[in-house]
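Residues per chain are reported as follows:
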Amino acid sequence: MIRTTWHGRMEVMRQTASSMGSRVAELNEQVATGKRINRPSDDPGRVSQLHNIRQQLSNQDVYQKNSSQAEQLLNVADTSLRDIHATLTEARELAVQFVNETYNADQRAEAANVTDSLFGRALSSANVRFNERYIFAGTAYDGAAFGDDGTYIGSTDHPETIVGDGLTVKTGFDGSDVLTGSSDMFVALENLKTALNTDDTAAIASSLDDIDAALTDLEKARVEVGGEMRRSLDASDLASNLEVELTQAKASIEETNVVDAYSKLVQLQTNFDAAMQVTSMQRYSGLFTRI
Amino acid sequence: MSSINTLHIGRTGLKTASYGVEVTGQNVTNASTEGYVRRRLVSQTRVPHRTPHGVYTGQGVTVGAVKRDIDRFATERAFEAMGDQSMASTASETLNIVEANFKEGDTSGIADRLDKFFDSLTELTSEPSDHGLRLAARDAGQDLVDSVNRGGDALLQSIRRAEDRIKDELKGVNSILDEIETLNRRISDSDAINGPADLMDARDGLVETLAQKIGVDVDYKANGQMSLFVGGHALVQDVNVRQLETAVDPVTGMLSVKVTAGEGSIKVDSFLSGEIGGLVAARDQAKSTLDSLDEFAEEFVDEINAQHSSGFDAYGSPGLDFFTLPTGFTNASTAMSLDAVLATDINMIAAAGSPGSEVGDGGNLANIIDVENTDLFKGGTMNSREFVASIYSDLGNAIVGFEVDATTHGAIMSDLNSLKEATSKVDLDEEAVSLMQYQAAYQAAARVVTAADDLLNELMRTVR
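Criteria and cut-off values
Residues numbered from 1 in each chain as written. Chains lettered and ligands numbered in written order. Predicted model: local features only at pLDDT ≥ 70, side-chain atom pairs only at ≥ 80, totals over all residues. Helix = DSSP H or I, 4+ residues; strand = E, 2+ residues; numbered from the N terminus. Rg over C-alpha atoms; globule rule 2.2 N^0.38 Å. Buried ≥ 20, exposed ≤ 12 C-beta atoms within 10 Å, placed from the backbone. Contact = placed C-beta atoms within 7 Å. Nonpolar A, V, L, I, M, F, W, Y, C, P; charged D, E, K, R; others polar. Core = buried A, V, L, I, M, F, W, Y, C linked by C-beta atoms within 7 Å. Domains from an automatic or database assignment. pLDDT = per-residue confidence, 0-100. Pairing = 2+ DSSP bridges. Axes fitted to C-alpha atoms, helices over the stretch in contact; angles between N-to-C directions. Parallel < 35°, antiparallel > 145°, perpendicular 65-115°, else oblique. Left-handed = near helix turned anticlockwise from the far one by under 90°. Expected span 1.5 Å × (residues − 1).

(A) Main features of the overall build of chain B. Each helix and strand counted, chain B has 11 helices and 15 strands in total. Radius of gyration (C-alpha) of chain B: 37 Å, far over the 23 Å computed for a compact globule of 464 residues. Summarising its shape, the C-alpha atoms of chain B cover approximately 145 × 50 × 35 Å along the three principal directions. By the burial criterion, 45% of the 464 residues in chain B qualify as buried. In chain B, the proportion of contacts linking residues at least 24 apart, taken out of those at least 6 apart, comes to 70%.

And the structure:
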């Protein structure tokens, strides 16, 4: 049997109190911060995973910002294309009306004035801006996309915004491609105006074909903008969903179960108090006090 | 047998019992003295006297020795465990301070700043010419630089502090070695019955301090001498002592600990435990972390600059460097800075992919952002973010390793101390019994003296 001494017993008590004190401090920190991992040494095996989640979370925040801005810009682009479409449709109706032989030259000249105003409306819509950006000027969006005569003066490159991992959306368009690509709407409107002014019904009929072609191009452009908008919305949804998932994953790794930690803390504090009481009861009461 | 002899026997009994009370008193009063080893009186029969008639008569009792109750094996092992525990706890405590620079979720930490840097560039893709977003990208670059610089500086300081402490602690260690040598000499020269016991207590106290400082292998000799070794190299052998010294390694520039050996010295860093061994281990871990951070800074700067310079700035000119590393730098992490020109002119951010200086051209940003996910480290298996995370987790793993060691060796040390103290600690109940025993022995011896005195008185009266 190992010989035990009073001092030996006291040393055991001291060590027990010290180790319990450390554990109480650790749990106190967990309850106070609500986090199980406050430093790499708290769980080094999970640190890489935690960092990966934090990086992804941080990315989702930017992706949502970027896609939100892209959505707004694409909405404006879509509205603008709708306006241009409406303008061209009006021009087409004019052409259909005045190609008819029943109208005289004066009436067609008057219609030419209306066409001129439609040209202005289309030009204004094609030079639409979002946050000072000319949407259809490509990457040179600090200047107008089209000149007063409808000539394209923007860039043939388009800007792209990153909205997800390896995912970009167009946040600007090359106007010479989407608005005046295969059929130039401004040329079509100009031709209609000239035909009306010159009272040339054959030319009016010919410009009708040009307007139809421009309308077809516009529809394609709207499909393209709509596609970009859908990609942007999808990216935004994905980022938003990922943010929720990643936040949960991060919490499950990083955050402490406060109820559990608190229960352990209370239990440990009770044990600690009991150990202290036992220690105080170990006051020397040996043979010397009896002789 | 004569009454005179009986008187003499009674006197030896009184003397021995009195000595027993003295030893017990010494034990009782030193019951709480740190390092005190309980003494035990070993009494023995005095050599009997042969009378001319060939009869052997007893000569009473004498004090044979005052023994120190010590378990040599447990004591030697406890000293070794003490060194291991002290090493692990010093290393983990020192690295906890280093770890403060790598706190989890800290918004000023390298990991967070790295995320913010790439986020700012991603946001810039939405408006490459935007003044505010360009400012944000530049500031995020500067924040990353500050964070890496701070981490590198903190690691360098930790290394220096650890080495300064090693130098300071070694002065104390050498002075302890000298004291042990002196005590060994005095123990060797001592002929007192209980003198060496006090000297041995003092020597064990010094060895304990030494074990906590450098960790030593202790070898007790039967003649009371003691030898101390570090990694098989003798520091103290009987009355010979060898000092420890520090030297800077010309290749690594790191401080190393050596033991003097004749004209030269032998490197013993890897054999040290105790506080100094812990400081060496913490220093080495901090150096390893610093090397990784330097590797990150150098590789990251090179790659970002390579991508940045393949683009074009807002003036349509080819991009310059985004970050700078001065020529002949020692530590990339502390030397890294934001390019001086870019720091003052945000138009120098080479966001564009072509030289047309069109405001919406952010074609090069995607290339720079791709660096985040390019496997540049650990032989092309880790990207920058993963590598930074590995720096955090490597440090965390090292600390946990030392904490586990400290707990394990602490438990071993505690067991060995219990074993050691089971033999050597004073138990007051036992001493109370001894006291009663010696008191009774004293009273009995006194009765013998009284009886002999009565006999002598009776004899004198008869003679008269």
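(B) Examining the overall build of chain A more closely. Within chain A, the secondary structure is distributed over 7 helices and 4 strands. Taken over the C-alpha trace, chain A has a radius of gyration of 38 Å; the compact-globule value for 291 residues is 19 Å, which it surpasses by more than 25%. Each principal axis of the C-alpha atoms in chain A carries an extent, and together these give about 140 × 30 × 25 Å. Split into buried and exposed, the 291 residues of chain A put 37% on the buried side.

(C) View of the interface of chain A and chain B. With 45 residues of chain A at the contact, the number on the chain B side is 45 residues. Looking at the side of chain A that touches chain B, the elements that each hand over two or more residues are α1 (6-33), α2 (44-98) and β3 (160-164) of chain A. Top element by residues in the side of chain A that touches chain B is α2(A). It accounts for 14 residues. Taken together, the residues that form the side of chain A that touches chain B break down as 16 nonpolar, 22 polar and 7 charged.

(D) Representation of the nonpolar core in the model. Residue and element names in this part refer to chain B. Counting residues in hydrophobic clusters, the biggest one holds 104 residues, and the most contacted among them are Val 216 and Val 388. The element best represented in this core is helix α4 (residues 131-189), accounting for 16 residues. Residue assignment places this core across two domains, with domain 1 (3-69 + 426-463) and domain 2 (76-412) each supplying three or more. Apart from residues lying up to four places away in sequence, Val 388 is in contact with Ile 110, Ala 111, Leu 114 and Phe 296.

(E) Focus on the domain arrangement of chain B. Residue and element names in this part refer to chain B. When its domains are assigned, chain B resolves into domain 1 (3-69 + 426-463) and domain 2 (76-412). Once you take the C-alpha centre of each, domain 1 and domain 2 turn out to be 65 Å apart. The interface of domain 1 with domain 2 comprises 8 residues on the first partner and 8 residues on the second. Sort the elements by how many residues they give to the side of domain 1 that touches domain 2 and strand β4 (residues 61-68) lands first, with 4 residues.

(F) Expanded view of the confidence of the model for chain A. Per-residue pLDDT for chain A has a mean of 90; in total, 98% of the residues score no lower than 70. The secondary structure element of chain A with the lowest average pLDDT is α1(A), at 79, and the one with the highest is strand β1 (residues 129-130) of chain A, at 96.

(G) Representation of the sheet that holds strand β11 (residues 264-267) of chain B in the model. Residues and elements named next belong to chain B. Taking strand neighbours across the sheet as the criterion, the 3 strands line up as β9-β10-β11 in an open arrangement whose pairing is antiparallel. In this open sheet, the two edge strands, each paired with only one partner strand, are β9 (244-248) and β11. Each neighbouring strand pair of the sheet contributes to a mean axis angle of 45°, computed without reference to strand direction. Note: β9 against strand β10 (residues 255-261), 5 bridges, orientation antiparallel. Paired with Ala 247 across the bridge in β10 is Ser 256.

(H) Quick peek at the packing of helix α2 (residues 72-99) of chain B against helix α10 (residues 384-424) of chain B. All names here are of chain B. Where α2 contacts α10, the two axes come as close as 7 Å, and the packing angle between them is 155°. As summarised for this structure, α2 and α10 are arranged roughly antiparallel, according to the angle between their axes. When you trace α2 past α10, the crossing you get is left-handed. Of the residues belonging to the contact of α2 with α10, the class tally is 17 nonpolar, 8 polar and 6 charged.

(I) A look at α1(A). In this model, α1(A) (28 residues) spans 41 Å end to end at C-alpha, consistent with the 40 Å of a helix rising 1.5 Å per residue. Of the residues flanking the end of α1(A), it is Gly34(A), one or two places downstream, whose phi is positive at about 75°.

(J) Summary view of the environment of Thr16(B). Residues and elements named next belong to chain B. Considering the arrangement of structural elements, one finds Thr 16 in helix α1 (residues 3-29). Given 23 C-beta atoms within a 10 Å radius, Thr 16 is considered buried. Sequence separation between Thr 16 and Ser 43 is 27 residues; the distance between their C-alpha atoms is 7.3 Å. The contacts of Thr 16, once residues within four sequence positions are left out, are Ser 43, Val 61, Thr 62 and Val 63.

(K) Examining the sheet that holds strand β6 (residues 226-230) of chain B more closely. The 4 strands lie next to each other as β5-β6-β7-β8 (chain B), forming an open sheet whose pairing is antiparallel. At either margin of the open sheet sits one strand with a lone partner, and together these are β5 (217-220) and β8 (240-241) of chain B.

(L) Just the packing of helix α3 (residues 105-126) of chain A against helix α5 (residues 185-197) of chain A, in detail. Residues and elements named next belong to chain A. Put simply, α3 and α5 touch, their axes get as near as 7 Å, and they point 165° apart. On the basis of their axis angle, the class for α3 and α5 is roughly antiparallel. For the element pair α3 and α5, the recorded crossing hand is left-handed. Here Arg 108, Ala 109, Ala 111, Ala 112, Thr 115, Asp 116, Leu 118, Phe 119 and Ala 122 of α3 come into contact with α5, specifically with Met 185, Phe 186, Leu 189, Glu 190, Leu 192, Lys 193, Leu 196 and Asn 197. When the residues that make up the contact of α3 with α5 are grouped by side-chain class, the tally is 11 nonpolar, 2 polar and 4 charged.

(M) Structural context of the confidence of the model for chain B. The share of residues in chain B with pLDDT of 70 or more is 99%, and the mean pLDDT across the chain is 91. For this predicted complex, the interface confidence score (ipTM) comes to 0.82, while the overall pTM stands at 0.85.

(N) Summary view of unusual backbone geometry. Residues and elements named next belong to chain A. One non-glycine residue, Glu 132, lies in positive phi territory at about 70°. Along the polypeptide, Glu 132 turns up in the loop between β1 and β2 (133-134). Judged by the 9 C-beta atoms lying within 10 Å of it, Glu 132 is exposed. Residue Asp 199 is not a glycine yet carries a positive backbone phi of 60°. By secondary structure assignment, the location of Asp 199 is in the loop between α5 and α6 (201-254). Residue classification places Asp 199 among the partly exposed residues on the basis of 17 C-beta atoms within 10 Å.

(O) The arrangement of the environment of Phe79(B) in detail. Residue and element names in this part refer to chain B. As for its position among the elements, Phe 79 is in helix α2. Distance from Phe 79 to Val 216, taken between C-alpha atoms, is 7.0 Å for residues 137 residues apart in sequence. Contacts of Phe 79, omitting those with residues within four sequence positions, involve Val 207, Glu 208, Ala 211, Val 216 and Val 218.

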